[in-house]
Amino acid sequence: MRYRGSGLALAAVLAIGGGGVANAQQQQNYEQWLGEQFQRVARSCLPTTNLNHPPARFIPADVRGWDSVSGELGANATIYSLDSLSAYFGTVWVRAADRSISSARLQPLGVTYSESEATALYPRRANGTRQHNCSTMFTASGGVSLNAGAFRAAVNSSISGTQSETIFLYSGSVVSPVAAALGLATTEVERRPNLDRFSVYLAVWDWYRLHAARAVDGNEGRLEITRSIDGAATYRVRGLTQDLMMTGNVRAGGGVPFVTANASTNLGGAWTVRDNMAGFGVAVLRRHPGTLPGPRNISENAPLLATVTPAQTNPTSIDSAAPINWAADLSGVPSGFCDRRFWKLKSPADGETGFTLDNFDAAPVAGQARVCRFSVRATPRPAPGSGASNVAGLSFAVMSEIPGAADGAAPPLAIPVAATEIADLRASISLANPTADIEVVRPLAGRESLLVPLTYVMREQSGSTATDISPGSAALQLTCNQNPPQDLIVAAEDVLFARTSGQGRLVVTARIPAGSIPDPTDGPVSCQLSGSVTMTVRQGAPRSLRLPTHAFTVVSPPAPPSAA
């Protein structure tokens, strides 16, 4: 778990494309199919010209001579008519005893992508992309000759025609980002896509919830998704004029994962690829399967990937027995699954928390995609004695189950969302954290140490007065994501205590060595600092105080601006 400083299914409609089951449409000669894609582009810009040539003649010379294409033109391919590759990669297949496969009318995985997340394309061997519009296609001398007037019309259509089409072709090996996120394609990719892995695991969990009869031990080997394919994918888009391509005034949307090689996605132009999609197709020459992880695998591994952020509205201290509201945000949960009908509160065992918990709820966070807020009402247990702990521990988890699964085949999916120590000001001496509980830190370089200052205000009552820090008593522990806690070295100069206008203030600087925090390149890293210190007390025995938990997030520094 990463702490950061549905009846309803997950959405089956994918942000990149739609969500129908990928039913095979036909077997077709690869060259014939490829030619038909380019023929459609030609007809879009020359609707009145006779273009009844054999489709194969429309394939441009640079495509025909492409290493990943030329050796496959005589092969038969399985042609899928889908909205996108995502629909294909989200299909769950059942392997029968005779080794045949079918989608068996199963719902696809409800995996959603955003525009900022990586695509399914990984350069390998002769992989690559080609882009053609009417002008470039005929200039490339495919095999169709035009008279001067028709060629001029094709060029003019490419420059300004709103109905003319541009084709993007990807050929080679396409690795499923879903499979990569699930760790099924480690030999095909050098790094996983920038895709929320927890969200993918949760989509698989929800798929089993909707297909509980498939959640049985030993069934995993019969359930498959596509790990990768060899073949080609084409996207035809309407209205992408030569001027738009030259100016970069294009927003890629989610529909064409490789359009960014040809047009900028940083501008907010008026033309959007997804909204102007004219057609998509994929020709599969060879499919490489991967085993769909079973529910036991998901329940064990998904919690390790969860990113949890305490709500900034959470109180940092308590001073009475009055209940408080406490919440945490779990990323990667589609809104359809962010409902208390699908989650239960898993309370800690007695003695593990200083609160009793009730009023559990789950609701999407407004303005944040795929973020679910879990909240509870926490009532403090009876006040501690004068020498008791100065913090109250608050911890709990949320749990999802698969009703109807075979006994023992689907252990509940439990996600810890709270594990913190809140300042309890009812103690005779306590520490209050006056700063926000969450602090974003941007290291200048991954090889440099990170300094995180912790500032606490001393609260004293019942005649107790702290006078100084016991030498060498300060201790700090760092916890990031699911890594084991690390003890940090605390030097004497890193712990300061002073009084201003009679009020004590304690400052502890955490010096986090380089390499102690996971690389935040692939996403924010959620960390917590906790610890203890012993204070000498006027006319009393030294008092050991816990440092209330301080949560912070480590992110990569902003990318340097590109040269003009």
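In short, a report on the structure.

Attention now goes to the overall build of the protein chain. When helices and strands are tallied, the protein chain shows 10 helices and 29 strands. Out of the 564 residues belonging to the protein chain, those deemed buried represent 53%. A total accessible area of about 24300 Å² is found for the protein chain, and carbon and sulfur atoms account for 49% of it.

What follows concerns the pairing of strand E17 (residues 371-380). With 8 bridges connecting them, strand E14 (residues 324-331) and E17 associate as antiparallel partners. By the bridge assignment, Asn325 is partnered in E17 with Arg377. By the bridge criterion, 8 bridges tie strand E16 (residues 355-364) to E17 in an arrangement that is antiparallel. Counted as the bridge partner of Thr356 is Thr379 from E17. Taking the residues that link successive antiparallel strands as the turn, the E16-E17 hairpin has 6 residues, and the phi of Gly367 there is positive, at about 80°.

Turning next to the packing of helix H8 (residues 197-210) against helix H10 (residues 295-305). With their axes 9 Å apart at the nearest point, H8 and H10 run at an angle of 150° to one another. On the basis of their axis angle, the class for H8 and H10 is roughly antiparallel. Like other packed secondary-structure pairs, H8 and H10 cross with a definite hand, here left-handed. In contact with Arg197, Phe198, Tyr201, Val204, Trp205 and Tyr208 of H8, H10 contributes Pro295, Asn297, Ile298, Ser299, Asn301, Ala302 and Leu305. Within the contact of H8 with H10, the residues separate by chemical class into 9 nonpolar, 3 polar and 1 charged.

This part is about the pattern of salt bridges. Applying the stated criterion across every chain yields a total of 14 salt bridges. Ionic pairing is found between Glu31 and Arg64, a salt bridge with its closest N-O pair at 2.7 Å. Of this pair, Glu31 sits in helix H1 (residues 30-45) while Arg64 sits in helix H2 (residues 61-64); the two residues are 33 residues apart in sequence, bridging distant segments of the chain. Owing to a relative accessible area of 27%, Arg64 belongs among the partly exposed residues under this scheme. A salt bridge links Arg377 to Asp358, with the nearest nitrogen and oxygen atoms 2.8 Å apart.

The subject of this paragraph is H8. Along its 14 residues, H8 runs 20 Å from first to last C-alpha, staying within 8% of the 20 Å computed at 1.5 Å per residue. Burial runs high along H8: 12 of the 14 residues are buried. Looking at H8, one finds that the buried residues are Phe198, Ser199, Val200, Tyr201, Leu202, Ala203, Val204, Trp205, Asp206, Trp207, Tyr208 and Arg209.

Before going further, it helps to spend a moment on the sheet that holds strand E15 (residues 344-346). Strand-to-strand pairing in sheets goes through backbone hydrogen bonds, with the strands running parallel or antiparallel. Read from one edge to the other, the open sheet built from 4 strands follows the order E13-E19-E18-E15, with strand pairing classed as mixed. For this open sheet the edge positions go to strand E13 (317-318) and E15, each flanked by a neighbour on one side alone. As defined by bridge partners, strand E18 (residues 391-400) adjoins strand E19 (residues 413-424) across 10 bridges and the pair is classed as antiparallel. In the sheet register, Gly393 faces E19, and the bridge partner there is Glu421.

The next subject is H1. The first and last C-alpha atoms of H1 sit 24 Å apart over 16 residues, in line with the 22 Å expected at 1.5 Å per residue. Across the 16 residues that make up H1, a large majority, 12, are buried. Along H1, the residues classified as buried are Tyr30, Trp33, Leu34, Gly35, Glu36, Gln37, Phe38, Gln39, Val41, Ala42, Ser44 and Cys45. Looking at where H1 begins, the residue whose side-chain oxygen comes 3.0 Å from the main-chain nitrogen of Glu31 is Asn29.

What follows deals with the environment of Gln482. Inspection of the secondary structure assignment puts Gln482 in the loop between strand E24 (475-480) and strand E25 (486-488). A sequence separation of 177 residues divides Gln482 from Leu305, and the C-alpha atoms of the two residues are 8.2 Å apart.

As a further point, take the sheet that holds strand E26 (residues 495-500). Pairing in this open sheet of 4 strands is antiparallel, and the strands run E20-E22-E27-E26 from one edge to the other. The sheet is open, and its two borders are formed by strand E20 (429-432) and E26, each paired with just one other strand. Each adjacent strand pair in this sheet contributes to an overall mean axis angle of 30°, direction not counted. Where E26 meets strand E27 (residues 503-512), 6 bridges bridge the pair, whose relative direction is antiparallel. Of the residues in E27, the one forming a bridge with Thr500 is Gln503.

The rules we used
- Residues numbered from 1 in each chain as written.
- Predicted model: local features only at pLDDT ≥ 70, side-chain atom pairs only at ≥ 80, totals over all residues.
- Heavy atoms only, no water.
- Helix = DSSP H or I, 4+ residues; strand = E, 2+ residues; numbered from the N terminus.
- Buried < 20%, exposed > 50% of the residue type's maximum accessible area, 1.4 Å probe, protein only.
- Areas by Shrake-Rupley, 256 points an atom, 1.4 Å probe, with all protein chains shown as cover.
- Pairing = 2+ DSSP bridges.
- Axes fitted to C-alpha atoms, helices over the stretch in contact; angles between N-to-C directions.
- Parallel < 35°, antiparallel > 145°, perpendicular 65-115°, else oblique.
- Left-handed = near helix turned anticlockwise from the far one by under 90°.
- Contact = heavy atoms within 4.5 Å.
- Nonpolar A, V, L, I, M, F, W, Y, C, P; charged D, E, K, R; others polar.
- Salt bridge = Lys/Arg side-chain N within 4 Å of Asp/Glu carboxyl O.
- Expected span 1.5 Å × (residues − 1).
- Polar contact = N/O pair within 3.5 Å; in protein donor to acceptor, adjacent residues only side chain to side chain.

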